[in-house]
Amino acid sequence: MAKPKVATTSLAGCFGCHMSVLDIDERILKLVELIDFDKSPIDDIKHFSGRCLVGLVEGGCCNEENVHVLQEFRKHCDVLIALGDCATMGGIPALRNTIPLQECLDEAYRNGPTVHNPSGTIPNDPDLPLLLNRVYPVQEVVKIDYFLPGCPPSADTIWAALTALLSNQKIDLPYELIKYD
Amino acid sequence: MDVALPTSMKKIVIEPVTRVEGHGKVTILLDEAKQVFQTRLHIVEFRGFERFIQGRPFWEVPVLVQRLCGICPVSHHLAAAKAMDRIVGGEKLTPTAEKIRRLMHYGQMFQSHALHFFHLCSPDLLFGFDADVAIRNVIGIAAKFPDLAVQGVMMRKYGQEIIKATAGKKIHGTGAIPGGVNKNLSIQERDFFLKDLDQMLTWSRGALAIAKDYTVTNLEMLAPFGSFDSSHMSLVRSDGAMDLYDGNLRAIDAEGGKIFDQVDCQDYVRYIAEEVRPWSYMKFPFIKSLGPEHGWYRVGPLARLNTADFIDTPEAEAERRTFMAVTGGKPNNLTMAYHWARLIELLHAIEKIQELLHDPDLQGTDLVVKGERRGEAVGIIEAPRGTLIHHYKVDDQDQVVMANLIVSTTHNNEPMNRAIQKVAKDHLSGVEITEGLLNRVEVAIRAYDPCLSCATHALGQMPLTVELLDHAGQVLDVKST
């Protein structure tokens, strides 16, 4: 029987949740016996090599591309998990939600003490995806099946949730695994 | 220094995993004669930290701003803490506080360099640039070289455990606070790390030997690969030694001549500026005296090996001498030499960890100092990927009113573009996208260990799509790994 597939992506996150996946340490060698990481889950729709059992989504949506990827993940994954605080509620990147986007761009590309920008250009090439007016948690964009809180969720939390899902058990996390800092 | 895209030009877009992940993609622009005109590594993410951090209390910054990057959060945590030390007038840390922070930092350096070597770059080195992508990843390493895969996992774990013991958590810890740290290292914790220390030293020597032998054996093939002369910058100690946690800024040219030396970190604004280009959210730093055109430079392991006069741990120093001998004592400008340099630092980090674990100051109880309050401060550290600059102004209400952050990968922005350009010029024939080109662009980017390739590859995958577009945006050719 083919192994179930797991896809992962980092949207407006910091990759810390992905690093926490790696913090399962030697259990990663056991994990790859249980599942296949999808070959190119985050490249393009045609690269989803098949139906995925689980999609792990780190980060919220801060640009149009994040939204597109998230929708593709929803389409291809049976179970979609919001991994960490940014996916769940926007997290630190959502601190910009109370500030006009233009002010954020001005600070980075016009006002900073080391900025050299004689023409006052703000990056705007068509190759750059459009920024959203604010940072959206993933459940405001698609339906999410599970939320794993934490910044990041601990490796043990991720391991417990994944192994429960893979063995068709109810995900039942004790307090120690879902408490904050 | 930027040009609008002339309509007669063709455009090849290489989108790593990161296309949809959204952290970076590559465009190769061809001129009418179908020659490579320019290459662009686009950083497509924008967060806005510099602005939204304003109004936050300064003591929150070391834990807040590390959320920029979960791959090396300790670096941001410590750079911010170093700046905030000065804000509270506590920059002269107690011996316990400084050594706990150093231990945390060397733990970070150790885990990050181990991760990069075993999980990301060893597949290129051990299987070759043209190996099937299905095996050219860490899962392939696990199948063919299981011992090596286990070593990689266990070395990363050792570094992460050190971070947890000093910072409270493996990722996004809280250990450093303005003026010091919030805990010391207990005897039990120390003994836990001493137990596996010899094993870590042995494995580090082994990994370094692989990188060194590979580089020396294949020098002829590697020398021109994505290479170019450049300036180099890093922190160095006041006596010229490599120092990853603290020091003054030194920049040298491609021949080793000093551009500036022993520059106080607080004065960095007088020496470095960043150019904005419309096609990337990542700015392009340059040395002011040389201007935006010629002032770009490299940072990270290769730059640090080049700028330092010596390394203050015996084994790493012996390895540094071997490394420098390859280029006759002159700076090494080979892109692929980053890997060898990185592993010399891995050995240096574990030697430093050994030194610190035997230091009784780690069990001291004097953890925090404060002095005269300041309104502005700079904190600079050598992160795994290079020089990391944090600069803040804080008002008398304790609120941050200005933040300027120049992260390691940003310094290497122009160099990564140059490396890609060199590879594209050497390996692009006509307008056809070959597997070889894809692989080589990937390998060249990876030498710089930018965060954008890091996390995706760590899970064993780096698929790449290249699109060949005409000026109207019509797809002429698509190739994927």
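Residues numbered from 1 in each chain as written. Chains lettered and ligands numbered in written order. Predicted model: local features only at pLDDT ≥ 70, side-chain atom pairs only at ≥ 80, totals over all residues.

**Remarks on the overall build of chain A**
And step 1. The number of helices and strands found in chain A is seven helices and eight strands.
And step 2. Taken over the C-alpha atoms alone, chain A extends approximately 60 × 40 × 30 Å along its principal axes.
And step 3. The 181 residues of chain A split such that 49% are buried.
And step 4. Considering only residue pairs separated by 6 or more positions, chain A has 78% of its internal contacts joining residues 24 or more positions apart. (Helix = DSSP H or I, 4+ residues; strand = E, 2+ residues; numbered from the N terminus. Buried ≥ 20, exposed ≤ 12 C-beta atoms within 10 Å, placed from the backbone. Contact = placed C-beta atoms within 7 Å.)

**A closer look at the overall build of chain B**
And step 1. The secondary structure content of chain B amounts to 17 helices and 16 strands.
And step 2. The buried share of chain B, reckoned over its 481 residues, is 60%.
And step 3. A sequence separation of at least 24 residues applies to 69% of the contacts in chain B between residues at least 6 apart.

**Some details on the confidence of the model for chain A**
Low pLDDT means the predicted coordinates in that region are not meant to be read closely.
And step 1. Overall, the prediction assigns chain A a mean pLDDT of 88, with 94% of residues at 70 or greater.
And step 2. Scored below 50 in pLDDT, residues 39-46 of chain A shows 25 contacts in the model against residues more than four places distant or in partner chains. (pLDDT = per-residue confidence, 0-100.)

**Let's talk about the environment of B:H116**
And step 1. Structurally, B:H116 can be placed in helix α5 (residues 95-127).
And step 2. Sequence-distant contacts of B:H116, that is, excluding residues within four places in its chain, are made with B:C121, B:R342 and B:D449.

**Quick look at the interface of chain A and chain B**
And step 1. Of the residues lining the interface, 56 residues belong to chain A; the matching set on chain B comes to 53 residues.
And step 2. Within the residue set of the side of chain A that touches chain B, elements represented by two or more residues are β1 (5-10), α1 (16-22), α2 (27-34), α3 (64-76), α5 (101-111) and β6 (115-116) of chain A.
And step 3. If one sorts the elements of the side of chain A that touches chain B by residue count, α1(A) sits on top with six residues.
And step 4. Residues that form the side of chain A that touches chain B fall into these classes: 27 nonpolar, 16 polar and 13 charged.
And step 5. As defined by bridge partners, β6(A) adjoins strand β9 (residues 272-275) of chain B across two bridges and the pair is classed as parallel. What sits directly across from A:H116, in β9(B), is B:E275. (Nonpolar A, V, L, I, M, F, W, Y, C, P; charged D, E, K, R; others polar. Pairing = 2+ DSSP bridges.)

**Some words on helix α4 (residues 73-87) of chain B**
And step 1. Its 15 residues give α4(B) an end-to-end C-alpha distance of 21 Å, which sits within 8% of 21 Å, the value for a rise of 1.5 Å per residue.
And step 2. Positive phi shows up at B:G89, right after α4(B), with a value of about 70°. (Expected span 1.5 Å × (residues − 1).)

**Focus on unusual backbone geometry**
What you tend to see is this: most non-glycine residues have negative phi, and most peptide bonds are trans.
And step 1. The omega angle of the peptide bond from A:C151 to A:P152 is -10°, so this bond is cis rather than trans.
And step 2. With respect to the element layout, A:P152 can be found in the loop between β8 (146-148) and α6 (155-166).
And step 3. One non-glycine residue, B:H172, lies in positive phi territory at about 60°.
And step 4. Relative to the assigned elements, B:H172 resides in the loop between α7 (146-167) and β4 (176-177).
And step 5. Of note in this structure, B:Q262 is not a glycine but carries a positive phi near 50°.
And step 6. Within the fold, B:Q262 resides in strand β8 (residues 258-263).
And step 7. Assessed through the 13 C-beta atoms surrounding it within 10 Å, B:Q262 is described here as partly exposed.

**Side note on the pairing of β9(B)**
All names here are of chain B.
And step 1. Burial of the side chains of β9 extends over both faces: I272 and E274 are buried on one face and A273 and E275 on the other.
And step 2. In the sheet, β9 pairs with strand β10 (residues 284-287) via four bridges, with the strands oriented antiparallel. Paired with I272 across the bridge in β10 is I287.

**What about the environment of A:D23?**
Residue and element names in this part refer to chain A.
And step 1. Among the secondary structure elements, D23 is positioned in the loop between α1 and α2.
And step 2. With 23 C-beta atoms packed within 10 Å, D23 lands in the buried category.
And step 3. As for D23 and F73, which are separated by 50 residues in sequence, their C-alpha atoms are 24 Å apart.

**As for the confidence of the model for chain B**
Residues and elements named next belong to chain B.
And step 1. Per-residue pLDDT for chain B averages 87, and the proportion of residues at 70 or more is 87%.
And step 2. The low-confidence segment residues 16-22 (pLDDT under 50) makes 36 contacts with residues lying over four places distant or belonging to another chain.
And step 3. Low confidence marks residues 453-464, where pLDDT is under 50. Its contacts with residues over four positions away, or in another chain, come to 53 contacts.
And step 4. Among the scores for the predicted complex, ipTM is 0.93 and pTM is 0.92.

**Notes on the sheet that holds strand β13 (residues 386-394) of chain B**
Residue and element names in this part refer to chain B.
And step 1. The antiparallel open sheet is built from three strands, whose spatial order is β12-β13-β14. Sheet topology places β12 (376-383) and β14 (400-406) at the edges, where each strand pairs with a single neighbour. Direction aside, the axes of adjacent strands within the sheet are offset by 15° on average.
And step 2. By the bridge criterion, eight bridges tie β12 to β13 in an arrangement that is antiparallel. In the sheet register, E376 faces β13, and the bridge partner there is K393.
And step 3. Against the sheet, α4 contacts β12 and β13, and its axis sits at roughly 150° relative to β12. (Axes fitted to C-alpha atoms, helices over the stretch in contact; angles between N-to-C directions.)

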